[in-house]
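Listed below are the residues making up each chain.
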Amino acid sequence: MKANPKIVISGGGTGGHIFPAIAIADALKRRFPEADILFIGAKGRMEMERVPKAGYPIEGLWISGMTKDIRSLILPLKVTHSFNHAIAILKRFKPDVVIGVGGFASGPTLMGANYLHIPTVIQEQNSYPGKTNRNLASRVKAICTAYDHMEQWFPKEKIHLTGNPLRANISASGTREEAAEYFHVDANKPVVLLVGGSQGALGINKGISAQLDKFKDNDLQLIWQTGKTYIQQAREEVKALGLEDKVKPTVFIDRMDLAYTIADVVISRAGAMSISELALVQKPVIFVPLPTAAEDHQTKNAQRLVDAEAALLVKNAETETELIPTLLTLVGDHEKQEKMKANIGKLARPNAADDIVEVILRVIS
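How each quantity is defined
- Residues numbered from 1 in each chain as written.
- Predicted model: local features only at pLDDT ≥ 70, side-chain atom pairs only at ≥ 80, totals over all residues.
- Heavy atoms only, no water.
- Helix = DSSP H or I, 4+ residues; strand = E, 2+ residues; numbered from the N terminus.
- Buried < 20%, exposed > 50% of the residue type's maximum accessible area, 1.4 Å probe, protein only.
- Contact = heavy atoms within 4.5 Å.
- Areas by Shrake-Rupley, 256 points an atom, 1.4 Å probe, with all protein chains shown as cover.
- Lys, Arg positive; Asp, Glu negative; His and termini not counted.
- Charge placed at Lys NZ, Arg CZ, Asp CG, Glu CD.
- Expected span 1.5 Å × (residues − 1).
- Pairing = 2+ DSSP bridges.
- Axes fitted to C-alpha atoms, helices over the stretch in contact; angles between N-to-C directions.

Asks: Which residues make up the overall build of the chain, and what values go with them?
Replies: When helices and strands are tallied, the chain shows 14 helices and 13 strands. Across the 365 residues of the chain, 52% fall into the buried class. Considering only contacts within the chain whose residues lie at least 6 apart along the sequence, 66% involve residues at least 24 apart. Put simply, the chain shows about 16,700 Å² of open surface, and 51% of that area lies on carbon and sulfur atoms. Placing the 44 positive and 40 negative side-chain charges of the chain at their respective mean positions leaves the two points 8 Å apart.

Written out as structure tokens, the structure is:
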């Protein structure tokens, strides 16, 4: 194996694709500091900003997903243009392997690599694979998955159960007292952490708002990541009920390590990376799947954990009536919390990025 392998990583669109891609790149760089890594993303998508911030070069393709309006008419033109552009990039860069992590750019890039007979690997984050990875499965050399029992979608001999590679510094760290001081909560009382994603989650926010007064008559505290669009409303509601000491709305949580340290129970969307993080830190969780996620994959993700007695599920449409009652029941049931923590911990794969690198090296070899 040469000391400076040339590697292309393609995909993106959401943090659920971008963070694993960057984690894989970082693991490759730890193993091979001289490795030459190039990302290929979709123009106008968040990877075009996030990847350079992580220290890697990226080139963009003119590609998007299927829409229900007139823009879908030019999709075949975009696919053809992106396929040809990807081939041009690959011919110039001459990679030893191309890795797809899902997302719009991944399809034409890996199809171009297959056309040029460059080895390819895909990394599937979800329990229900996306269309791009399902379509590519027969042509790639290896498939790294986060869940077992994926044979119904992928060739069994190509599957490697590695887990999802996580972004840096995702762990519970520091003491409960340090975390309590950071978030201005009482370390001696239970804390709920609500994370709806970097933009917040309207369905979850509405569920909390609908019964926010339930926090008045107990010791329960809430760290509430609202997102930008809901923060003002949340602050006004908290102030009107006199809950400033117990409910802490915030646009975004920078110190997730401390948030996980202080959290006794978590409310979260059911994206693949959120699940992997919660498994690593072993927190009892109530999932509220995003109903508009592609092919409803978040519900499928969450249901896998519910079936394993590792999580609870509240439907997005039922948050205003079911979320707070479900939360209060779980907070009061310490035996159930311990069981859920043990079961979700069984899914943790802290060495996922390094395990994926091993698969990549075997493909190159």
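There is more to say after this.
Asks: Now, about helix α13 (residues 334-345): what can you tell me, with residues and values included?
Replies: Here α13 contains 12 residues, and its C-alpha end-to-end distance of 16 Å stays within 8% of the 16 Å for a straight helix at 1.5 Å per residue. Those residues of α13 that fall on the buried side of the exposure criterion are Q337, M340, N343, I344 and G345. Buried-residue contacts for α13 involve β11 (265-268), α10 (272-281), β12 (285-287), α11 (297-307), β13 (312-313) and α12 (319-331).

Asks: Before we move on, can you summarise the sheet that holds strand β3 (residues 58-61) with the specific residues and values?
Replies: Strand order in this open sheet of 7 strands is β3-β2-β1-β4-β5-β6-β7, and the pairing throughout is parallel. At either margin of the open sheet sits one strand with a lone partner, and together these are β3 and β7 (159-161). The sheet shows a mean angle of 20° between the axes of neighbouring strands, direction not considered. In terms of strand pairing, strand β2 (residues 36-42) meets β3 through 4 bridges, oriented parallel. Bridged to G41 within β3 is G60. Packed onto the sheet, helix α1 (residues 15-31) meets β1 (6-10), β2, β4 (97-100) and β5 (120-124) and runs at close to 170° relative to β2. Most of the contacts of helix α3 (residues 75-93) go to β3, to which it runs at about 155°, and overall it touches β1, β2, β3 and β4.

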